[in-house]
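# Fold and geometry: a report
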Amino acid sequence: YNDAQKLEKSDIPALFKELENENPTICAITIDLLAGAIKDKEETTIVLKNLLKSERKVVRQGAAIGLMDIDPSLGKELMPRLIEAVKEGAPEYETGAIIALGDIGPEAKDAVTAIIEAMKRHPDSAALYRTTLRFIGTPEALEAIKPYEQEKARRKKLVKPISMFADSTIGGSLITAAFLGL
């Protein structure tokens, strides 16, 4: 948003033109710039709501995530776009959508299946997905994270003996973190 603060209202039409760019990263940056360039929160909300109607999926998804940043109370209204971003969105948006769905909490129950599938696709980022599922808290969500929670509990039991050894060595905390997979 620092660059967005330097933009003038006359720059906004050029930003809208950039939303046609085929590169999803350019679209994501453009939406961030638009949201930051328009100083008035109400005007920004109107612009992003209009972008929800775009023919381009990547623009709709970015607008939904931008709106969640501005007004989390819109969560239930934006949920179809956020779920779309988790299921088939550009990587630039999936993380933002996962975080937004976690912010919605239990009302995001319709997103649980999509989040579980995304967690399977991205095992290296599973902690974020597990946290979101925990915030949603449905039986299905909690069941999906149970194996990870059991593994976490098992690792905690192993930490004490290892950390006693590791603390007596140089870089002990790094050894402990590496063992835990942190």
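Below is a short write-up of the structure. (Residues numbered from 1 in each chain as written. Predicted model: local features only at pLDDT ≥ 70, side-chain atom pairs only at ≥ 80, totals over all residues. Heavy atoms only, no water.)

## Section: the environment of Ile 65
Worth spelling out the cut-off: Here a helix means four or more residues in a row that DSSP labels H or I, a strand means two or more in a row labelled E, and each is numbered from the N terminus.
Mapped onto the secondary structure, Ile 65 falls in helix α5 (residues 57-70). Spatially, the C-alpha atoms of Ile 65 and Met 79 are 9.9 Å apart, while their sequence positions differ by 14 residues.

## Quick word on the packing of helix α6 (residues 75-88) against helix α8 (residues 112-121)
Rules: Here an axis means a line fitted to C-alpha atoms, over the contact stretch when the element is a helix, while the angle between two N-to-C directions is reported on a 0 to 180 degree scale. Between 65 and 115 degrees an angle is taken as roughly perpendicular, under 35 as roughly parallel, over 145 as roughly antiparallel, and anywhere else as oblique. By convention the crossing between two helices is left-handed if the near helix lies anticlockwise of the far one by an angle smaller than a right angle, and right-handed if it lies clockwise. Any two residues whose heavy atoms approach within 4.5 Å are treated as being in contact. The classification used treats Ala, Val, Leu, Ile, Met, Phe, Trp, Tyr, Cys and Pro as nonpolar, Asp, Glu, Lys and Arg as charged, and all other residues, Gly among them, as polar.
Closest axis-to-axis distance for the α6/α8 pair is 9 Å, and the angle between their directions is 25°. Between α6 and α8, the angle is such that the two are roughly parallel. With respect to the hand of their crossing, α6 and α8 are arranged in left-handed fashion. Counted together, Ile 83, Val 86 and Lys 87 of α6 and Ala 114, Ile 115, Ala 118 and Arg 121 of α8 form the full contact between these two elements. Here the contact of α6 with α8 is built from residues that sort into five nonpolar, no polar and two charged.

## Observations concerning the packing of α5 against helix α7 (residues 91-104)
Packing of α5 against α7 leaves a shortest axis separation of 10 Å and a crossing angle of 40°. By the angle between their directions, the pair α5 and α7 is classed as oblique. Handedness of the crossing formed by α5 with α7: left-handed. Packed against α5, whose contacting residues are Val 58, Gln 61, Gly 62, Ile 65 and Met 68, the element α7 presents Tyr 93, Gly 96, Ala 97, Ala 100, Asp 103 and Ile 104 at the interface. Residue composition of the contact of α5 with α7, by class: seven nonpolar, three polar and one charged.

## Describing the environment of Lys 17
Formally: Under the scheme applied here, a residue whose accessible area is under 20% of the maximum for its type counts as buried, over 50% as exposed, and between as partly exposed, the area being computed with a 1.4 Å probe on protein chains only.
With respect to the helices, strands and loops of the structure, Lys 17 is situated in helix α2 (residues 12-18). Judged by relative accessible area, Lys 17 falls into the exposed class, the value being 54%. A C-alpha to C-alpha distance of 10.0 Å links Lys 17 and Cys 27, two positions ten residues apart in sequence.

## Re the environment of Arg 134
Looking at where Arg 134 falls in the secondary structure, it is placed in helix α9 (residues 126-136). Exposure remark for Arg 134: the relative accessible area of 36% places this residue in the partly exposed category. Through-space distance from the C-alpha of Arg 134 to that of Gly 105 is 8.6 Å; in sequence the pair is 29 residues apart. In this view, Arg 134 contacts Leu 142, Ile 145 and Glu 149; residues no more than four positions away in its chain are not counted.

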